[in-house]
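Read off the chains here:
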Amino acid sequence: MARKHILHMITPLKHMSPFDVNMALDAGFDAVVPYVGVGLDEVTGLVQDAIFSRPPDAGVDTGVFIAGKDVSLALDMFDAAKKAMVPPFQISVFADPAGSFTTAAAMVAKVEKALEKKFERGLKDTDIAIFGATGVVGFCTAVIAAKEGAKVTIVGHDGLERVGKVAAEMKSRFGVTVQPADGSTEAKKTALAEAAEVILTAAKAGVQVISKAQLAKAGKLLIAADVNAVPPAGVEGLGVHANGEPIDGGKALGIGPLAIGNVKYKVESGLFKKMIEAEKTVTFDFQDAFSLARELAK
Ligand SMILES: NC(=O)c1ccc[n+]([C@@H]2O[C@H](COP(=O)([O-])OP(=O)(O)OC[C@H]3O[C@@H](n4cnc5c(N)ncnc54)[C@H](OP(=O)(O)O)[C@@H]3O)[C@@H](O)[C@H]2O)c1
């Protein structure tokens, strides 16, 4: 009898995301088991409980998924899970807290593709303003873009203090330099839009961040991309299906949440399938998500 593919899904939150449960089962896992309210100090015990219950050659058919809503905590859990292995007893690990790794990967890959196709340039040295960067998706988007050499500004909606701490965390954890900026007033957001070649909005669902008036003043803007699918759009006038067309007849091109979501879906599903099909155990974080998103983005 073929061995079952089992996925242990752990989160520090009260609930495991139904989105991720559905994605894992649809990708082909036979059983997914949620563990909620998990502390970082409990990861080693859970992983070691899983690795010793099956013979070493079944490790490849067993996986751990790390969820939550905090990039640094998810990566700490990811590291703890990897360190908990006792070769040859080891299993696969995939982290994607609140879908942020796969969503950020999809957004940056779509923007990169559009820059290449429409403007014959890449992310390197491109001025990118990211709104909503204190959230998981914005945080991860900023790290991926900065690692690719973009000049990233992370914009807070309530002053400089929190976004300044986020920039410091990105520097210490990932070695990337990003500029924190205050976007708490319309005038400040207008000035940031004027300086940006790319605007990425990853704010809370249903929150408009950039208005048509601000877009009209964004003279250097090449591309605006938005991940919020709940009306109103994060960028006024940017359609949910936009896939590189000019926004409202203007010069800048738009990439909407469903165009990004289409790649995000394929990346998350694709990484689950790679876990299932792997012949040796695998570990996937946001860099693996970005590599796959680059292959998939059109
Ligand atoms: N298209 C896709 O495939 C896809 C997939 C996953 C998620 N999403 C979307 O991606 C977005 C970001 O997700 P997330 O999990 O990171 O969301 P989140 O935790 O709600 O945070 C988003 C960001 O929005 C900020 N924010 C809250 N209220 C705001 C306001 N009034 N004005 C401006 N900014 C505000 C938050 O700041 P605080 O730090 O103050 O809370 C945070 O920086 C959401 O819209 C979500 O629906 C899309």
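Values in this document were obtained by computation on a predicted structure and should not be read as measured data.

### Examining the environment of Ile91
Argument step 1. Tracing the backbone through its elements, the reader meets Ile91 in the loop between helix H3 (71-83) and strand E4 (92-95).
Argument step 2. Taking the C-alpha atoms as reference points, Ile91 and Asn22, 69 residues apart in sequence, are found 21 Å from one another.
Argument step 3. Setting aside residues no more than four positions away along its own chain, Ile91 makes contact with Val47, Ala50, Ile51, Gly59, Thr62, Val64, Met85 and Thr281.

### Considerations on helix H2 (residues 43-51)
Argument step 1. What H2 keeps buried is the set Val43, Val47, Ala50 and Ile51. Looking straight down H2, one finds its buried side chains confined to an arc of 95°; they lie on one side.
Argument step 2. Of the surrounding elements, those touching the buried residues of H2 are strand E1 (6-10), strand E3 (62-66) and H3.

### Overview of the packing of aromatic side chains
Argument step 1. Scanning all chains against the criterion turns up nine aromatic pairs.
Argument step 2. Geometrically, the ring pair formed by Phe174 and Phe286 is edge-to-face, given 5.7 Å between the ring centres and 80° between the ring planes. You can see Phe174 sitting in helix H6 (residues 161-174) and its partner Phe286 sitting in helix H10 (residues 286-296), a full 112 residues away along the chain.
Argument step 3. The class of Phe174 is buried, set by a relative accessible area of 14%.
Argument step 4. An aromatic cluster of at least three residues, connected via ring pairs, comprises Phe29, Phe65, Phe94, Phe272 and Phe284.

### Some words on the nonpolar core
Argument step 1. Ranked by size, the top nonpolar core spans 91 residues in total, and within it Ile66, Ile154 and Phe272 carry the most contacts.
Argument step 2. The element best represented in this core is helix H4 (residues 100-119), accounting for ten residues.
Argument step 3. Shared between two domains, this core takes at least three residues from each, and those domains are domain 1 (6-95) and domain 2 (100-260).
Argument step 4. Each residue touching Phe272, except ones within four places of it in the same chain, is listed here: Leu7, Asp20, Met23, Ala24, Ala27, Phe29, Phe65 and Phe94.
Argument step 5. Among the nonpolar cores identified, the runner-up in size contains 19 residues, and Val155, Leu221, Leu238 and Ala252 belong to it.

Reading guide: rules and limits
- Along each chain, residues carry numbers from 1 onward, in the same order as the chain's sequence is written.
- In view of the model being predicted, local features appear only for residues whose pLDDT reaches at least 70, and side-chain atom pairs are presented and counted only at 80 or more, with totals across whole chains, interfaces and linings using the full set of residues.
- Each side-chain value is derived from all of the structure's non-hydrogen atoms; neither hydrogens nor water enter the calculation.
- The way it works is that DSSP assigns letters per residue, a run of H or I at least four long becomes a helix, a run of E at least two long becomes a strand, and they are numbered from the N terminus.
- For this analysis, residues touch if any pair of their heavy atoms sits within 4.5 Å.
- Burial classification: accessible surface area is computed with a 1.4 Å probe over protein chains only, and a residue below 20% of its type maximum counts as buried, one above 50% as exposed, and the rest as partly exposed.
- Directions are taken from the helix axis to each C-beta atom, and the arc is the one they span.
- Planes of paired rings set the category: under 30 degrees apart is stacked, over 60 is edge-to-face and the rest tilted, where pairs are Phe, Tyr or Trp rings (Trp by its six-membered ring) whose centres lie within 6.5 Å.
- Put simply, a nonpolar core is a bunch of buried Ala, Val, Leu, Ile, Met, Phe, Trp, Tyr and Cys residues held in one set by side-chain atoms that sit within 4.5 Å of each other.
- These domain limits were set by an automatic method or by a database of domain assignments.

Fair warning: the whole summary comes from geometry, so function is off the table for now.
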